Amino acid sequence: MFARIRRDIRVVFERDPAAQSTLEVVLCYAGLHAIWAHRLAHALYLRGWVLVPRLISNFARLLTGIEIHPGATIGEGLFIDHGTGIVIGETAEIGRNVTLYQGVTLGGTGKEKGKRHPTLGNNVVVASGAKVLGSFTVGDHAKIGAGSVVLRPVPAHATVVGIPGRIVVMKGRRVRTETELLRARALSIEEGESVDAIADELDVDLDHDMLPDPVAEMIDQMHGEIEALKERLNTLETKS
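Bear in mind that the values here come from a model prediction, so they are computed numbers and not experimental data.

Participant: Any chance you could break down unusual backbone geometry for me, citing the residues and the numbers?
Facilitator: Omega for the peptide link from Ile 163 to Pro 164 comes to -10°, which places this bond in the cis form. Tracing the sequence through the fold places Pro 164 in the loop between strand S14 (158-161) and strand S15 (166-170). A positive phi angle, near 65°, is found at His 82, a position not held by glycine. Of the residues examined, His 82 reaches a relative accessible area of 58% and is grouped as exposed. In this model, Asn 123 sits at a positive phi of 60°, which is unusual for a non-glycine residue. By secondary structure assignment, the location of Asn 123 is in the loop between strand S8 (119-120) and strand S9 (125-126). The exposure class assigned to Asn 123 is buried, which follows from its relative accessible area of 2%.

This is how it looks when you write it as structure tokens:
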């Protein structure tokens, strides 16, 4: 238990440059409080309890502004930044080292029973206000742009933007630098975890603001073609 708590705190320092001290993180980070409350509620939910886990979930929502159903399955290394307005549904599954920003919804569509919420792979980043709705998988290392509405499966290493969400970039796995590997080895010795596990935890691309804009790119291309046509027309008029 204490090893998991140490890792939760370490993840905050890895992904939030505003974190200054362990005491600050423990006392002031609502995302951390929501995750800890969910672990208790989820453990009771798996034992067949219903009311008490929901009460814990509701109390955590009042305290943090983050609603996580006790039935949701959450992997190690989840980081919730700010978190206000986040909703995670009952059958949602979240892999390892996932990052969620404020206003994210992992929800369902309609009134279907059974698995009706999304499954997020490892090292996924979902930016502010994004909605991932339905029973499908978002692949490892995918990025969901701010304000996007994702209604279909997302392959690994893809970047999705827009309403409805569309794939705009397919990117291979980022190569780990020597500095990252050295840090992973040092943390591995300190925390007693494997180097690969630590390196994977550090391999989270948080640059969700650096997303392409296909519409703007198309407009720029059209503008360039129009300018070229105008220049050609002026040349022909001059010759005549």
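Picking up after the structure, the text goes on.
Participant: Tell me what's going on with helix H4 (residues 51-64), and back it up with residues and numbers.
Facilitator: Residue pairs spaced three or four apart in an α-helix point in one direction, given the helix's 3.6 residues per turn. Here H4 contains 14 residues, and its C-alpha end-to-end distance of 20 Å stays within 8% of the 20 Å for a straight helix at 1.5 Å per residue. What H4 keeps buried is the set Pro 53, Ile 56, Ser 57, Ala 60 and Thr 64. Down the axis of H4, the sector holding all buried residues measures 100°, keeping them to one side. Facing away from the buried side of H4 by more than 90 degrees, the exposed set consists of Leu 51, Leu 55, Phe 59 and Leu 62. Buried-residue contacts for H4 involve helix H3 (30-46) and strand S1 (67-68).

Participant: Please set out the packing of H3 against H4 residue by residue, giving values where relevant.
Facilitator: Their axes nearest at 8 Å, the elements H3 and H4 cross at an angle of 175°. The orientation of H3 with respect to H4, classified from their angle, is roughly antiparallel. Here Ala 30, His 33, Ala 34, Ala 37, Leu 40, Ala 41, Leu 44 and Tyr 45 of H3 come into contact with H4, specifically with Val 52, Pro 53, Ile 56, Ala 60 and Thr 64.

Participant: Let's hear about the sheet that holds strand S11 (residues 137-138): which residues, and what values?
Facilitator: Taken in spatial order, the four strands line up as S2-S5-S8-S11 in an open sheet, and their pairing is parallel. Looking at which strands have only one partner, the edges of the open sheet turn out to be strand S2 (73-74) and S11. As paired strands, S2 and strand S5 (residues 93-94) are joined by two bridges and run parallel to one another. When the sheet's bridge partners are listed, Thr 73 is paired in S5 with Glu 93.

Participant: Tell me about H3, and name the residues and values.
Facilitator: An ideal rise of 1.5 Å per residue puts 24 Å on 17 residues; H3 measures up with 24 Å between its terminal C-alpha atoms. Turning to H3, its buried residues are Gly 31, Leu 32, Ala 34, Ile 35, Ala 37, His 38, Ala 41, His 42 and Leu 44. Residues of H3 that are buried in the fold lie against helix H1 (2-15), helix H2 (22-28), H4, S1, S2 and strand S3 (79-81). Two residues or fewer after H3 comes Gly 48, characterised by a positive phi angle close to 95°.

Participant: Explain the sheet that holds strand S12 (residues 143-144) to me, using residue names and the numbers behind them.
Facilitator: Taking strand neighbours across the sheet as the criterion, the six strands line up as S3-S6-S9-S12-S14-S15 in an open arrangement whose pairing is mixed. The two strands at the open ends of the sheet, each matched to only one other strand, are S3 and S15. Strand direction decides the pairing type here: S3 and strand S6 (residues 99-101), joined by three bridges, are parallel. Its bridge partner being in S6, Asp 81 is matched across the sheet by Tyr 101.

Procedures and definitions
Residues numbered from 1 in each chain as written. Predicted model: local features only at pLDDT ≥ 70, side-chain atom pairs only at ≥ 80, totals over all residues. Heavy atoms only, no water. Helix = DSSP H or I, 4+ residues; strand = E, 2+ residues; numbered from the N terminus. Buried < 20%, exposed > 50% of the residue type's maximum accessible area, 1.4 Å probe, protein only. Expected span 1.5 Å × (residues − 1). Arc of directions from axis to C-beta. Contact = heavy atoms within 4.5 Å. Axes fitted to C-alpha atoms, helices over the stretch in contact; angles between N-to-C directions. Parallel < 35°, antiparallel > 145°, perpendicular 65-115°, else oblique. Pairing = 2+ DSSP bridges.

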